[in-house]
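Results of the structural survey
The lines below spell out each chain.
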Amino acid sequence: MSHSMRLVLGSIKPLTHFRPLRSAYQLKGTWWRLILLGVLAFIVVGLTSFMNIKYAGEVPEYAGLASNDRLLFLMSEVITDGVLGVLTFVIIVLVGSLLFWSFFQEVGYKRLTYIHCYVVFILLLGMLLQLPFIPFLQEPSLISPYSLGVYVDLLTNNTFWLYFCYSLSVFLAWGTFVQYAAIKQSTTLSKGYIVFWIVTLNLLIVAFIAYIRTAF
């Protein structure tokens with residue numbers, strides 16, 4: 001039996017989509033969808049970088065440049081951030097799957113990377129839907145109305161907690177549910193064990209990213 005990667009269907013109906021995953025000996029359509037995810041990541045992160053600079057003033061030195069130099073500066077930043085975005089999502093898939101594999105060895109590393117591709121797709125969708133708010137709010141993409149950070153921002157100015165809470169979005173929750181649905185269909189482990197470790201690992205990853213952002 002084979003299982004085909006269908007990012008939209010799997011994200012919308014994970015409970016039924018991943019049902020055959022455990023017995024599947026072949027995962028179809030993976031490579032070209034990985035390439036598609038890479039291209040999508042480059043475009044979405046690049047657009048986010050462009051709008052952050054253009055409308056949210058994320059890079060202050062941009063305003064001081066001569067008009068002839070602004071286009072070159074924007075292109076350089078967009079391409080650089082786009083490439084870094086692709087690398088970031090590759091790390092999420094490969095390293096994130098390795099971290100999850102420590103607790104879900106029955107699922108297997110290959111299937112975990114397969115599952116994490118859906119999570120990346122959902123996170124990219126969240127970034128895409130965030131784009132209109134950048135010029136509207138004139139705030140960088142970090143300030144997301146889809147996240148818990150908009151409420152925590154009223155309570156604290158601590159940079160770490162703001163980064164941490166702005167990452168706790170409805171799209172992360174959606175991705176977490178997809179992880180649960182896929183892993184539950186692929187293992188005999190208890191629901192409590194699966195929920196505990198998925199939530200814990202995701203929170204640890206978010207905390208690590210928030211620490212990196214504040215430390216450097």
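What counts and what doesn't
Each chain has its residues counted from 1, running along the sequence as written. Whole-chain, interface and lining totals are the exception, using all residues; otherwise, since this is a predicted model, local features are given only for residues with pLDDT of at least 70 and side-chain atom pairs are given and counted only at 80 or more. Each side-chain value is derived from all of the structure's non-hydrogen atoms; neither hydrogens nor water enter the calculation. The numbering of helices and of strands both runs from the N terminus, where a helix is a DSSP run of H or I of at least 4 residues and a strand a run of E of at least 2. C-alpha atoms define the radius of gyration, and 2.2 Å times the number of residues to the power 0.38 defines the globule rule. Using a 1.4 Å probe on the protein chains alone, a residue whose accessible area is under 20% of its type maximum counts as buried, one over 50% counts as exposed, and one in between counts as partly exposed. UniProt positions are given in the numbering used here, feature names are shortened, and annotations may be inferred rather than shown by experiment. Pairing of aromatic side chains here covers Phe, Tyr and the six-membered ring of Trp, requires ring centres within 6.5 Å, and sorts the geometry by plane angle: under 30 degrees stacked, over 60 edge-to-face, intermediate tilted. Throughout, an axis means a line fitted to C-alpha atoms (over the contacting stretch in the case of helices), and angles, computed between N-to-C directions, take values from 0 to 180 degrees. For classification purposes, an angle smaller than 35 degrees is called roughly parallel, one larger than 145 roughly antiparallel, one from 65 to 115 roughly perpendicular, and anything else oblique. By convention, the crossing between two helices is left-handed when the near helix turns anticlockwise from the far helix through less than a right angle, and right-handed when the turn is clockwise. Note on contacts: a residue pair qualifies if any of its non-hydrogen atoms lie within 4.5 Å across the two residues. Lys, Arg, Asp and Glu make up the charged group, whereas Ala, Val, Leu, Ile, Met, Phe, Trp, Tyr, Cys and Pro make up the nonpolar group; the residues left over, Gly among them, are polar.

Below, the discussion takes up the overall build of the chain. Helix and strand counts for the chain stand at 10 helices and two strands. Each helix (α) and strand (β) of the chain, taken in turn from the N terminus, gives the series β-α-α-β-α-α-α-α-α-α-α-α. Taking 216 residues into account, the globule formula puts the C-alpha radius of gyration at 17 Å, and the chain, at 19 Å, falls close to it. Seen through its principal axes, the chain has C-alpha atoms that stretch 60 × 40 × 30 Å. Out of the 216 residues belonging to the chain, those deemed buried represent 39%.

With that settled, the discussion passes to the UniProt feature "transmembrane region" (unreviewed entry) in the chain. If you check UniProt for "transmembrane region" (unreviewed entry), the listed places come out as residues 31–53, 82–103, 115–137, 160–182 and 194–212 in our numbering. The span residues 160–182 is 87% helix and 0% strand, and its two end C-alpha atoms sit 31 Å from each other. Along residues 194–212 the backbone is 100% helical and 0% strand, and the end-to-end C-alpha distance reaches 27 Å.

This part covers the packing of aromatic side chains. Scanning the model with the defined rule gives 13 aromatic pairs in all. Between Phe104 and Tyr193 the ring centres are 5.9 Å apart and the planes differ by 80°, which places this aromatic pair in the edge-to-face class. Of this pair, Phe104 sits in the loop between α4 (67–101) and α5 (109–130) while Tyr193 sits in helix α10 (residues 191–215); the two residues are 89 residues apart in sequence, bridging distant segments of the chain. On the numbers, 5.3 Å between centres and 80° between planes, the contact of Tyr146 with Phe171 is edge-to-face. Of this pair, Tyr146 sits in the loop between α6 (133–137) and α7 (149–152) while Phe171 sits in helix α9 (residues 170–185), and the two are 25 residues apart along the sequence. The exposure class assigned to Tyr146 is partly exposed, which follows from its relative accessible area of 24%. Site record: aromatic cluster; members linked through ring pairs are Phe100, Phe103, Phe104, Tyr193, Phe196 and Trp197.

For the rest of this paragraph, the subject is the packing of helix α8 (residues 159–166) against α10. Between α8 and α10, the shortest axis-to-axis distance is 8 Å and the interhelical angle comes to 135°. Between α8 and α10, the angle is such that the two are oblique. Seen from above, α8 lies across α10 with right-handed handedness. Where α8 abuts α10, its residues Thr159, Phe160, Tyr163 and Phe164 lie against Leu203, Val206, Ala207, Ala210, Tyr211, Arg213 and Thr214. By residue class, the composition of the contact of α8 with α10 is eight nonpolar, two polar and one charged.

Glancing now at the packing of helix α3 (residues 30–56) against α4. Packing of α3 against α4 brings their axes to within 7 Å, and their N-to-C directions diverge by 135°. Comparing the axis directions of α3 and α4 gives the class oblique. Viewed along their axes, α3 and α4 form a crossing whose handedness is right-handed. Contact with α3, carried on its side by Gly38, Ala41, Phe42, Val45, Gly46, Ser49, Phe50 and Ile53, involves Leu74, Glu77, Val78, Ile79, Asp81, Gly82, Val83, Gly85, Val86 and Phe89 of α4 and no other residues of that element. Its residues assigned to classes, the contact of α3 with α4 shows 11 nonpolar, five polar and two charged.

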